[in-house]
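# Structure at a glance
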Amino acid sequence: MALLTRRVTRCCCLLKKHYIVNSIELRKQTIRTWTLSLVRPSLPLLWPYRYFRQPVFKNSRTLFFDNIQFCSSSASLNSSPENNSLSLVNQQIEPRSNSDSKALDEGWDEALPSSALEEISEDEAVQIVAEPPLPFESFTLQDYVDRSETLQKLVLLGVDLSKVEKRPGAAQFLLKLDFEKDIQKILLFLKDVGVEDNQLGAFLTKNPYILREVVEDLETRVAYLTSKKFSKEAIARMVSRAPYLLLFSVERLDNRLGFFQKELGLNVKKTKDLVTRLPRLLTNSLEPIKENLKVYELELGFSQNEIRHIVYRIPKNLGVNKRKLTQTFDYLHNIMGIPHSTIVHFPQVFNSNMLRIKERHLFLNFLGRAQYDPKQPSYISLDKLVSVSDDVFCAEVAKTSIQDFQKFLKTL
Amino acid sequence: MRAAKAGLHGLFAVYKPPGVPWKGVRDAVETKLLSELNSLERPPPSQQVRFLPSTVEGKDGKELTLTVTQLPVLAEHPLVSGPIFTYLKVGAGHRLDKKSSGVFVLGVGRGNKLLGDVYRAHLSRTYTVRGLFGKATDDFSDTGKLIEKTTFDHITGEKLQRILAVIQGSNHKALLQYANIDLKTQEAYELAVKGLIRPMEKSPPLITAIRCLQFEPPDFQLEIHCMHETQQYLRKIVHEIGLELKSTAVCTQVRRVRDGAFTLDDALLRIQWTLRSIRNAILQSRLKVKTELRNTMAYQEIFAGSLREREARLSQTIADCEHSKGVMPWLQTQ
């Protein structure tokens, strides 16, 4: 489209030069060639533009169309009023235009006022919106947000457009949506499911594609979850925590629930509890989870029962990066000398910062307080090692000042 | 918000923990700074003037007019425009490899230019290096593949000291050679007495001073002042010390305690990587870096002066030779 505009301006310049220098005959020729070149390749491009910017086009006071009119009327200065403006163009291309452009020409005839010089009433003049035209294409929704009702409402709802526009295809279809017609029903449906008002924005930011879905489909999926005896609160929690849950077909959801039940060997109630606590498990890829389960079993040497306990206590442990998992275990088991049976009781260690464990263990070791055996005095639990803040750790576990801890960190 | 970023120009030092690549440290600092900058209060959105049509009761019934209104530009809404700052120029000074730890200099904003000046100043750095006798690995560190084991009972502190003295001596000779300075000038002599001579262009790694901090076989700890070094070179030094002592040694820790003007006290720990403490650190280091660079300029002048003087003296001696032989010696021989 930028190309088109450039071509038009270039043509205008060309035209002016010819007007000054050449004879009328020559001038007519140039116009003919120019109008043809403008009309033929670029008409399909013009269509969507006209479609979207109907009011501007109707009034035809924008710079773009003024240019065309100026050029055409300058060519036929003394001709009749019907003959000026774009009607000239129409006459010229009539014989060779196909049905498509014919339809377009009719559209033009309707849309344009008969003359640029025609006087209009005061009321009509007031209604003319003299705004710069919207860009034909853009990389961001920023250009459109000030003019689009839908986008404005979405922003007020709390949707982060700067994030949505980075998703493939999302910005394109958001622009075409109508708030009343397309978005409202989905929002009402989500509210019925139990998504909180203040979470709607975050939900749509994460999953704008739900606006493309049909409400009936979504209803069947919710009905499936209800049939699996998930309580209403649980469904609300799952949907708002895992926005993509409702995009999954019933078969797929069923498969995934079955996977967790089978692979982990949990009973129905515990499986439901697990996916309610971390619904992300259902929507994320299953491959890393399968891999992690194997790592727990073969590489780290936990028994099935222990794995079940670790996963059920902290569901996030299923999604931990494999390398981080082995590194943390290696440090805990081989360097700190903590047996499997103790680690099972504190599954949160797999989910904590590796550097933090290292620093604190080395500090305790330096102080001579690194004693992780619960049967002996001055026992330090892993929970206290990983989950408390530095201040609390220094005061309660290491029993030193935080300055000493910081000094120690600078000797590592 | 912009004012907060305006304060972020200069150099500061962080403490790099071992086992983390330097790029990770740099990226962590950048993300932390960006998130804090973006969480600050935004400037109010600019207003746009819109003419909205409205009906007004005029003389002859209703009349359509335009009223001027000011509306905030929605395109500048944080949810539409996204975060204001998406990247910061954060550059790194002399690098530290993954296994080593210590003072790591970073530059923000226009401070990156200073990084270049600091590099060209060829400042010396100080490391503490821990070694362990009795083992040899393929990459000279304790985590590498074990190649051989040796005894170390025969090593005494005195023997170690002797080897260190030899290393320092040979490096000092190389230092004077690479410094390319004429010791016959008064200024250069005074500098040499103070031990301030250093090369001003690229050279192989040079150790300006080395001493033993602690010797409890098999463990030992060295303090090394050096320039143009890499951490792997220091590990290799430990390995070579082991070989010289008719044993083997691996390096268990390389820790930088000083980088140019930045010492351990200036380095920020991981919990201190916040906008406020980084800004304070930049302010505090500004004067130090400036004096350091000024000293370097003074040194460079002396250096250039000594070069000029030597050239003058050389041409003088050549002229003297020619004079003693006559104006045109080749004519005499014919």
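As annotated in an unreviewed UniProt entry, chain B carries the name Pseudouridylate synthase TRUB2, mitochondrial isoform X1 and comes from Eublepharis macularius. Of the comments in the UniProt record for chain B, the one headed Sequence similarities (unreviewed entry) reads "Belongs to the pseudouridine synthase TruB family."

By the naming in an unreviewed UniProt entry, chain A goes by Transcription termination factor 3, mitochondrial and is assigned to Eublepharis macularius. The heading Sequence similarities (unreviewed entry) in the UniProt record of chain A holds the text "Belongs to the mTERF family." Quoted verbatim from the Subcellular location (unreviewed entry) field of the UniProt record, the comment on chain A reads "Mitochondrion".

For the rest of this paragraph, the subject is the overall build of chain A. Counting its regular elements, chain A contains 26 helices and zero strands. In chain A, which comprises 412 residues, the proportion classed as buried is 44%. Pairs at least 24 residues apart make up 68% of the contacts formed inside chain A by residues separated by at least 6 positions. Accessible surface for chain A amounts to roughly 22,600 Å². Of this, 54% is attributable to carbon and sulfur atoms.

Attention shifts here to the side chain of R256 of chain B. All names here are of chain B. Within the element layout of this structure, R256 appears in strand β11 (residues 249-259). For R256, a relative accessible area of 0% translates into the label buried. A polar contact is formed between the side chain of R256 and the backbone oxygen of V103, at a distance of 2.9 Å. Within the structure, the side chain of R256 is placed 3.0 Å from the side chain of Y127, a separation counted as a polar contact.

Further remarks concern the pattern of salt bridges. For side chains of opposite charge, pairing can occur when their charged atoms come near one another. Applying the stated criterion to the full structure yields 23 salt bridges over all chains. Between E297 of chain A and K294 of chain A there is a salt bridge whose closest N-O contact spans 3.8 Å. Here E297 of chain A and its partner K294 of chain A are both found in helix α19 (residues 287-299), three residues apart, which amounts to about one turn of the helix. Of the residues examined, E297 of chain A reaches a relative accessible area of 30% and is grouped as partly exposed. If you follow the salt bridges from partner to partner, you end up with K23, R26, D27 and E30 of chain B in one network.

Here the focus is the environment of D217 of chain A. Relative to the elements of secondary structure, D217 of chain A occurs in helix α14 (residues 215-227). Here the alpha-carbon distance between D217 of chain A and L247 of chain A, two residues 30 residues apart in the chain, equals 8.8 Å.

Residue and element names in this part refer to chain B. Segmenting chain B into domains produces domain 1 (1-42 + 86-122 + 263-310), domain 2 (47-78) and domain 3 (124-259). Distance between the C-alpha centres of domain 1 and domain 3: 26 Å. Opposite the 27 residues of domain 1 that make contact, domain 3 presents 33 residues. Both faces considered, domain 1 and domain 3 share a buried interface measuring about 2,500 Å² in area, 51% of it formed by carbon and sulfur atoms. Sorting the residues of domain 1 by area buried against domain 3 places H94, H122 and Y299 first, and these three jointly supply 30% of that buried surface. Connecting domain 1 to domain 3 are two salt bridges. Here D97 makes a salt bridge to R235, at a shortest N to O gap of 3.0 Å. One can count 18 residue pairs in polar contact (both at pLDDT 80 or more) joining domain 1 with domain 3. Of all elements in the fold, only β5 (101-108), α4 (111-120) and α8 (275-325) reach the threshold of two or more residues within the side of domain 1 that touches domain 3. Residues belonging to the side of domain 1 that touches domain 3 are distributed by class as follows: twelve nonpolar, nine polar and six charged.

Next up on the list: the interface of chain A and chain B. Taken together, the contact pairs 24 residues of chain A with 28 residues of chain B. In this assembly, chain A packs against chain B so that about 2,300 Å² is buried in total across both faces, 58% of it on carbon and sulfur atoms. Summed over the three residues of chain A that lose the most area to chain B, namely V126, D146 and K410 of chain A, the buried surface amounts to 29% of that side. Summed over the shared surface of chain A and chain B, the number is one salt bridge. For R270 of chain B, the salt bridge identified is with E359 of chain A, shortest N-O distance 2.8 Å.

Residues K89, R110, K113, R286, K290 and R294 of chain B make up a contiguous surface patch of positive charge. When residues in the positive patch are grouped by element, the largest group, three residues, is from α8 of chain B.

All names here are of chain A. Assigned domains of chain A: these are domain 1 (14-78 + 98-110), domain 2 (286-345) and domain 3 (352-412). Taking only C-alpha atoms into account, the centre of domain 2 sits 22 Å from that of domain 3. At the interface, nine residues of domain 2 touch nine residues of domain 3. Between domain 2 and domain 3, the buried area comes to about 870 Å², and carbon and sulfur atoms account for 79% of it. Per-residue buried area on domain 2 facing domain 3 is highest for Y331, M336 and T342; these three make up 55% of the total on that side. At the junction of domain 2 with domain 3, the criterion picks out zero salt bridges. Between the two partners, domain 2 and domain 3, sit one residue pair in polar contact (both at pLDDT 80 or more). Take the side of domain 2 that touches domain 3: its biggest share by element is six residues, from helix α21 (residues 322-335).

This part covers the environment of E149 of chain A. Note that E149 of chain A resides in helix α9 (residues 149-157). Expressed as a C-alpha distance, the spacing of E149 of chain A and I186 of chain A, which sit 37 residues apart in the sequence, is 17 Å.

Taking the numbering used here, the UniProt-annotated feature "domain: Pseudouridine synthase II N-terminal" (unreviewed entry) corresponds to residues 85-230 of chain B. When the span residues 85-230 of chain B is considered, its composition is 29% helix and 32% strand, and the gap between its end C-alpha atoms is 34 Å.

With that out of the way, let us pick up a negative patch on the surface. On the surface, E118, E119, E122, D123 and E124 of chain A together with E63 of chain B cluster together into a patch of negative charge. Counting residues per element, the negative patch draws most heavily on helix α7 (residues 122-127) of chain A, at three residues. In this structure, E63 of chain B sits in strand β3 (residues 61-72).

So, about the confidence of the model for chain A. Taken residue by residue, chain A gives an average pLDDT of 76. The fraction at 70 or more is 72%. Contacts from residues 11-105 of chain A, a stretch scored under 50 in pLDDT, to residues over four places away or in other chains number 97 contacts.

Let us now look at the packing of aromatic side chains. Using the criterion set out here, one finds 13 aromatic pairs over all chains in the structure. Their ring planes at 90° and their centres at 6.2 Å tell us that F302 of chain A and F350 of chain A sit as a pair that is edge-to-face. Within this pair, whereas F302 of chain A is found in the loop between α19 and α20 (304-313), its partner F350 of chain A is found in the loop between α22 (340-345) and α23 (354-367), the two being separated by 48 residues in sequence. Accessibility assignment for this pair places F302 of chain A and F350 of chain A in one class, buried. These aromatic residues form a ring-pair network of at least three members: F363, F366, F393, F405 and F408 of chain A. Stacked on the ring of W22 of chain B, the Lys or Arg R95 of chain B has its end atom at 4.4 Å from the ring centre.

This paragraph deals with empty space enclosed by the protein. All names here are of chain A. Inspection of every chain in the model, using the stated rule, returns one cavity of 30 Å³ or more. Computed from the structure, the largest cavity encloses a volume of approximately 30 Å³. Lining of the largest cavity is provided by L154, V159, V164, L174, L204, P208 and L211. Tallied by class, the residues present in the lining of the largest cavity amount to seven nonpolar, no polar and no charged.

Criteria and cut-off values
Numbering of residues starts from 1 in every chain and runs along the sequence as written. By the order in which they are written, chains take letters starting at A while ligands take numbers starting at 1. Per-residue local features are limited, in this predicted model, to residues with pLDDT of at least 70; the limit for side-chain atom pairs, both in listing and counting, is 80 or more; totals at the level of whole chains, interfaces and linings are taken over all residues. To get the side-chain values, all heavy atoms of the structure are used, and hydrogens and water are removed first. UniProt positions are given in the numbering used here, feature names are shortened, and annotations may be inferred rather than shown by experiment. Numbered from the N terminus, helices here are DSSP runs of H or I no shorter than four residues, and strands are runs of E no shorter than two. When a residue's accessible area, from a 1.4 Å probe over protein chains only, is under 20% of the maximum for its type it is buried; when over 50% it is exposed; and in between it is partly exposed. Residue contacts are defined here by distance: any two heavy atoms, one from each residue, within 4.5 Å place the two residues in contact. Each accessible area value is a Shrake-Rupley result obtained with a 1.4 Å probe; residue values ignore everything except the protein chains displayed when judging cover. Between N or O atoms, a polar contact is any pair within 3.5 Å; within protein, one atom must be a potential hydrogen donor and the other a potential acceptor, and residues adjacent in sequence are included only when both atoms are from side chains. Whenever a carboxyl oxygen of Asp or Glu lies within 4 Å of a side-chain nitrogen of Lys or Arg, that contact is scored as a salt bridge. Reported domain spans reflect what an automatic or database domain assignment gives. Accessible area that two parts lose when put together, with a 1.4 Å probe and added across both, is what the buried area reports. Note on residue categories: nonpolar means Ala, Val, Leu, Ile, Met, Phe, Trp, Tyr, Cys or Pro, charged means Asp, Glu, Lys or Arg, and polar means any other residue, Gly included. Surface patches are defined over residues having more than 30% relative accessible area and no salt bridge, joining like charges when they lie within 9 Å and nonpolar side chains (Val, Leu, Ile, Met, Phe, Trp, Tyr) when within 5 Å. Asp and Glu count as negative and Lys and Arg as positive, but His and the ends of the chain are not part of the count. Charge coordinates come from a single atom per side chain, which is NZ of Lys, CZ of Arg, CG of Asp or CD of Glu. A score from 0 to 100, pLDDT tells how confident the predictor is in each residue. Between 30 and 60 degrees the pair is tilted, below 30 it is stacked and above 60 it is edge-to-face, where a pair is any two Phe, Tyr or Trp rings, Trp via its six-membered ring, whose centres lie within 6.5 Å. Here, over-ring charges are defined by two tests on the NZ atom of lysine or the CZ atom of arginine: distance to the ring centre within 6 Å, and angle to the ring normal within 35 degrees. Throughout, the protein atoms alone are placed on a 1 Å grid, and a set of points is a cavity if a 1.4 Å probe fits but cannot get out or a pocket if it is open with protein on both sides within 12 Å along at least five of seven lines; lining residues have an atom within 4 Å of a point. Grid points are joined across faces, edges and corners, and a volume is the space filled by probe spheres set on the points.

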